[in-house]
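Observations on chain architecture
What follows is each chain in one-letter form.
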Amino acid sequence: MSKAEDLVKNVSEKVEKNETATEELARIQLESARLQKKLLEADLEAKELEQQERQFNLKDLKGRLADRQLKEVQAQQKREAQGRTFAQEETTDRVNFAACSHRKGGIVSPRDMRALTRGGDEDQYSVIKHQMINGDIWVRCLRCRKTWTPPVKSNFYFRDGKVVAPKDGVFSQEKFDAAVAEYKRAVQFPTRNVMSGSVQCRFFTVNEAGQEIDGAAQYRENVKDSNLR
Ligand SMILES: [Zn+2]
C-alpha cells in the first residue's frame, strides 16, 4: 500500500469513528432526555396525587366540621327544648299547687275527677309526712304532689323575677320568710296519716381550718332540689 492510500484509509477510519462517536453521543443525549422526561412525568404525577390528596383531606375536614356544627346546633335545640319542657312543667306544677286544697275528701265522678288533683274539702289534709335522715320533716300532698321542705336560703336569689344561682341574683328575705311560714304551716297540717321516718343521723363536715363542724346546713344544701314526687 502506498503512503497516500494509507493516509486515505486512516482519514476515512477516523471519519467513520468520529461519526460513530457523534451518533453515540446523540443516542446518550436522547436517552438522557427521555429519562429526564420520564422523571419529570413521574414527578408531575406525584404532585398531582398530592394535590388530589390535599383536596380529599380538605373535603373530609369540611365534612367533619359541618357534622360537628350540625351536632352543636342539634344539641343547642335539644337543650332549648328541654328548657322549655322544664319551664312548662314548672308552670303547670305552680298552677296545680296553687289550685289544690291539699285536703282529703271531695267527690269524684267519671265526668269530674278534679278532686284527685285539686284536693277535697275535709278538715283532714291529704298529705304524708316523712322524717328525713337528718330529722327534717318533709310533707307531700297526695293530690297535687307538692312537697314542702325546710327552705334553703340559696334557693331564694332572684333576677328579673326568676330564681338564679346566688352569685347571679339578689336574696329575697321576704320570699324566704314566706316560704318558712308556709313550710311551718304544712308541717302542722292535721292528718290521720302517720309520719314515716328513717334512721336518724347527725351530719358533720370539715371547715377550711380542718375543724369538724355541724353539717346540717350542708346536708340541706345537697338535697335542696329534691322532692317527694
Ligand atoms: Zn295539694
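Residues numbered from 1 in each chain as written. Predicted model: local features only at pLDDT ≥ 70, side-chain atom pairs only at ≥ 80, totals over all residues. Heavy atoms only, no water.

1. Thoughts on the overall build of the chain
From N to C terminus, the chain includes four helices and nine strands. Listing each helix as α and each strand as β along the chain from the N terminus yields α-α-β-β-β-β-β-β-α-β-β-β-α. Computed over the C-alpha atoms, the radius of gyration of the chain is 46 Å, more than 25% above the 17 Å expected from 2.2 N^0.38 for a compact globule of 229 residues. Projected onto its principal axes, the C-alpha positions of the chain cover 155 × 60 × 35 Å. Contacts in the chain between residues far apart in sequence, at least 24 positions, make up 49% of those at least 6 positions apart. Per element, the accessible surface of the chain, about 18100 Å² overall, is 53% carbon and sulfur. (Helix = DSSP H or I, 4+ residues; strand = E, 2+ residues; numbered from the N terminus. Rg over C-alpha atoms; globule rule 2.2 N^0.38 Å. Contact = heavy atoms within 4.5 Å. Areas by Shrake-Rupley, 256 points an atom, 1.4 Å probe, with all protein chains shown as cover.)

2. Digging into the coordination of the zinc ion
Protein coordination at the zinc ion comes from Cys 100 (SG), His 102 (ND1), Cys 141 (SG) and Cys 144 (SG), with a distance range of 2.1 to 2.4 Å. One can describe the site at the zinc ion as tetrahedral: its four donor atoms subtend angles covering 99 to 114 degrees at the metal. Counting along the primary sequence, the residues that act as donors to the zinc ion give the motif C-x1-H-x38-C-x2-C. Overall, Cys 141 belongs to the buried group, its relative accessible area being 0%. (Donors = N, O, S within 2.8 Å, 3.2 Å for Na, K, Ca; no water. Tetrahedral: all angles 85-135°; square planar, octahedral: opposite > 155°, others 65-115°. Buried < 20%, exposed > 50% of the residue type's maximum accessible area, 1.4 Å probe, protein only.)

3. Brief notes about the domain arrangement of the chain
One can read the domain layout of the chain as domain 1 (1-99) and domain 2 (120-223). Averaged C-alpha coordinates put domain 1 and domain 2 at centres separated by 69 Å. (Domains from an automatic or database assignment.)

4. Here we look at the confidence of the model for the chain
With 94% of its residues at a pLDDT of 70 or more, the chain has an overall mean of 91. For the chain, per-element mean pLDDT is lowest for helix 2 (residues 115-118), which scores 88, and highest for helix 3 (residues 173-188), which scores 97. (pLDDT = per-residue confidence, 0-100.)

5. Examining the packing of aromatic side chains
Summed over the entire model, instances satisfying the criterion amount to six aromatic pairs. With a centroid separation of 4.0 Å and an interplanar angle of 5 degrees, the aromatic rings of Tyr 125 and Phe 189 are classed as stacked. A residue pair is termed long-range when its members are at least 10 positions apart, and Tyr 125 in the loop between helix 2 and strand 1 (127-131) and Phe 189 in the loop between helix 3 and strand 7 (196-197) qualify at 64 residues. Residue classification places Tyr 125 among the buried positions, given a relative accessible area of 12%. By relative accessible area, which is 11% here, Phe 189 ends up buried. Taken together, a centroid distance of 5.4 Å and an interplanar angle of 90 degrees make the contact between Trp 148 and Phe 189 edge-to-face. Of this pair, Trp 148 sits in strand 3 (residues 147-148) while Phe 189 is found in the loop between helix 3 and strand 7, placing the two residues 41 residues apart along the sequence. No difference in accessibility class separates Trp 148 from Phe 189, as the two residues are buried. Among the aromatic residues, those joined into a ring-pair cluster are Phe 156, Tyr 157, Phe 171 and Phe 176. Sitting over the ring of Phe 158, Lys 175 keeps its end group 4.3 Å from the ring centre. (Phe/Tyr/Trp six-rings, centres within 6.5 Å; stacked < 30°, edge-to-face > 60°. Lys NZ or Arg CZ within 6 Å of the ring centre and 35° of its normal.)

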